[in-house]
Amino acid sequence: MKPDIQQHVEDGAIFYVSHSGGKDSQAMYSMLIDIVPHDRIVVVHADLGEVEWTGVQGHIKTTVSHDLNVVRASKTLLSMVESRFATRPEVPSWPSAAHRQCTSDLKRGPIEKFIRNDMKSKGATLAVNCMGLRAEESSSRAKKIKWALNKTLSRAGRTVHNWLPIHDWSIDQVWSQISKAGQEPFWAYKTNERLSCVFCIMGSDNDLIHGAKENPELAQKYIDLERRTGYSMFHKRSLESVVGKYIKIVAEAA
Ligand code: SF4
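Reading guide: rules and limits
- Residues numbered from 1 in each chain as written.
- Predicted model: local features only at pLDDT ≥ 70, side-chain atom pairs only at ≥ 80, totals over all residues.
- Buried ≥ 20, exposed ≤ 12 C-beta atoms within 10 Å, placed from the backbone.
- Helix = DSSP H or I, 4+ residues; strand = E, 2+ residues; numbered from the N terminus.
- Arc of directions from axis to C-beta.
- Contact = placed C-beta atoms within 7 Å.
- Near = placed C-beta within 6 Å.
- Nonpolar A, V, L, I, M, F, W, Y, C, P; charged D, E, K, R; others polar.
- Core = buried A, V, L, I, M, F, W, Y, C linked by C-beta atoms within 7 Å.
- Pairing = 2+ DSSP bridges.
- Right-handed = clockwise from strand over helix to strand, strands pointing away.

Caption draft 1: Quick look at helix 7 (residues 171-180). All of the buried residues in helix 7 are V174, Q177 and I178. Buried residues of helix 7 fall within an arc of 100° about the axis and therefore sit on the same side. Structural note: helix 7 exposes D172 and K180 on the side pointing more than 90 degrees away from its buried face. Residues of helix 7 that are buried sit in contact with helix 2 (23-32). One or two steps after helix 7, the chain reaches G182, where phi turns positive at roughly 75°.

Caption draft 2: Structural context of the site of the ligand. Taken together, L77, P95, R100, C102, T103, L106, S196, C197, C200, I201 and M202 form the complete shell of residues around the ligand. Here the element with the most residues in the shell around the ligand is helix 5 (residues 101-122); it accounts for three residues. Residues of the shell around the ligand, tallied by class, amount to eight nonpolar, two polar and one charged.

Caption draft 3: Region of the structure containing the nonpolar core. Core analysis: the largest hydrophobic core is formed by 59 residues, its most contacted members being F15, Y16, V17, C130 and L239. Those residues within four positions of Y16 in sequence are excluded, and the remaining contacts are V42, V44, I115, A127, V128, N129 and C130.

Caption draft 4: Here's a closer look at the pairing of strand 3 (residues 68-72). As defined by bridge partners, strand 2 (residues 41-47) adjoins strand 3 across five bridges and the pair is classed as parallel. Across the sheet, residue D47 finds its bridge partner in strand 3, namely R72. With helix 3 (residues 56-63) bridging strand 2 and its parallel neighbour strand 3, the resulting β-α-β unit is right-handed.

Take a look at the structure:
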């Protein structure tokens, strides 16, 4: 179904823009501000705590002309793994591409909670939840529907649609949109392919190694947790096996 954005604007919808600080969010925002009135846009960032790249929130603030709303889950990725191991040591403790509890609990959940509360406080009944996912990124993202009712947030008297405004964009379009806006992407893109958690369960070796070189203490925490739980961060290999030769790793601190 093709979204009728102009109609939603006329009907008074609020456009919640999820911004991770990554290139796709940056390009999406810069495109949206040309088609959605300024006072209808609300920018939200899910803070991932210590596992997020330092400085990413500052980067968002310098590239948007809206206030940045920062939401946070009550847990972090590392505490989630710890607690899963404590309660169910017999099953792998880390999230996986097939079971991305990290995305749902650390990003989607807190952002949806924010949208619900913000709409309530404004007496709003119509909203659009904008996310910068692109089909090109993975086969699972390719299957996502560009415009769909958000069944978690919608109920009688409140309608929220999920919208993926740049779902069909190529990576070249993303870079070109950022450059057209006269902006630069977050500095880590000089080496990184993607950005979000410094160590993503689906990260490429390139990004994991760069993440470890720039954040060796955080890498050590992940590796300590792999050792402690006996489960590796990735299905068949550990973070230690990917980054171990690039940083100094010590035996787990007591
Ligand atoms: S960036 Fe990767 S590890 Fe972090 S929440 Fe998203 S999917 Fe999970």
